[in-house]
Amino acid sequence: MKKIRIAVTGRTLNLKNDEPTYAHAPYVPRDVITILGKLGTIPLVLPDTAEASGEDYVDLCDGLLLPGGADVDPVFYGEEPEWKIGSTDYKVDRFEIDVIRAFYRAGKPIFGICRGIQVLNIALGGTVYQDLQTDLPAASIRHAQGAFGAYPTHHVRLEKGSALYAALGPVAYVNSRHHQALKKVAAGLCVTARAADGVIEGVESASRQVVAVQWHPENMWQDHPEMRRLFEDFVERVRKTAEKG
């Protein structure tokens, strides 16, 4: 059986405000590559290449995974940057948004993680809170956790009938390394997970082409087997879509 190919958008290591993207090689977190390999797929890292468009990659890959990373430049959701926004790189953002829209139009499955849920929402017309403490005082949970990043620190409640509910049940114990979160949810997406303070922790499309979470399951699956099911579900969706051809 031919192995399915998963596109994973690259990130830049040690990005600083005074260093452009091209000063660093693109990379993908090892935990992402490891779990995709264990599930029998071939992960392909997509660098932010100015000469390539999202359409150039659609025929090469069967599905798209969006890993965590830096904040998205607010120009892409019609806002100016606030004081507490983190590092951004509009060239990476522009490339990734183009890739997302191409895979979405092609009907190929997409799985977003942390920044991935945010840039996915933005690419489809939504917005984010630039900083939860500043913009959403009701967000009482510490979403940028002080504990080791792979440890779970708070619970999320999942919507019955969703892909997340099918994988994890009604409640999941998750890690949390973000200071931004979804604000206006893009058309075509519905909220399927929330933290106790109301912060959106998961979205998906009705067809389940798109599933995304705010936490980092790639850091948890080794010690929390239930998180592996999120990747298994994604790979199975990709496989079924590829078989339909």
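Reading the values: rules and limits
Residues numbered from 1 in each chain as written. Predicted model: local features only at pLDDT ≥ 70, side-chain atom pairs only at ≥ 80, totals over all residues. Heavy atoms only, no water. Pairing = 2+ DSSP bridges. Helix = DSSP H or I, 4+ residues; strand = E, 2+ residues; numbered from the N terminus. Axes fitted to C-alpha atoms, helices over the stretch in contact; angles between N-to-C directions. Contact = heavy atoms within 4.5 Å. Salt bridge = Lys/Arg side-chain N within 4 Å of Asp/Glu carboxyl O. Buried < 20%, exposed > 50% of the residue type's maximum accessible area, 1.4 Å probe, protein only. Phe/Tyr/Trp six-rings, centres within 6.5 Å; stacked < 30°, edge-to-face > 60°.

Caption draft 1: Highlighting the sheet that holds strand β9 (residues 171-174). Within the open sheet, the nine strands sit side by side as β4-β1-β5-β6-β13-β12-β11-β8-β9. Their pairing is mixed. The two strands at the open ends of the sheet, each matched to only one other strand, are β4 (42-46) and β9. Direction aside, neighbouring strands of the sheet carry axes that sit 20 degrees apart on average. Relative to strand β6 (residues 110-113), strand β5 (residues 63-66) runs parallel, the two being bridged by three bridges. Looking across to β6, one finds that L66 is bridged to G112. Set on the sheet, helix α3 (residues 90-106) makes contact with β1 (5-9), β4, β5, β6 and β13 (210-213); between it and β5 the angle comes to about 145 degrees. Packing against the sheet, helix α4 (residues 115-123) makes contact with β5, β6, β12 (200-204) and β13, and its axis sits at approximately 125 degrees to β6.

Caption draft 2: How the structure looks around the pattern of salt bridges. For the coordinates displayed, the defined rule picks out seven salt bridges. Among the salt bridges present, the one from R105 reaches E55, with a minimum N-O distance of 2.7 Å. Pair noted here: R105 is in helix α3 and E55 is in helix α2 (residues 55-58), with a separation of 50 residues, a long-range link. The class for R105 is exposed, based on a relative accessible area of 56%. Across the pair R228 and E232 runs a salt bridge, and its minimum N-O distance is 3.0 Å. One end of the pair, R228, and the other, E232, are both in helix α7 (residues 225-244), four residues apart, so they sit about a helical turn from each other. Within this structure, R11, D93, E96 and R115 form a network of salt bridges that share partners.

Caption draft 3: Layout of the packing of aromatic side chains. Counted under the stated rule, the structure contains four aromatic pairs. Ring centres of F111 and F234 lie 5.7 Å apart, and the angle between their planes is 35 degrees; on these two criteria the pair is classed as tilted. Residue F111 is found in strand β6, and its partner F234 is found in helix α7; the two are separated by 123 residues along the sequence. Residues F111 and F234 agree in their burial class; the two are buried. Here a set of aromatic residues connected by ring pairs shows up, and it is made of F111, F231 and F234.

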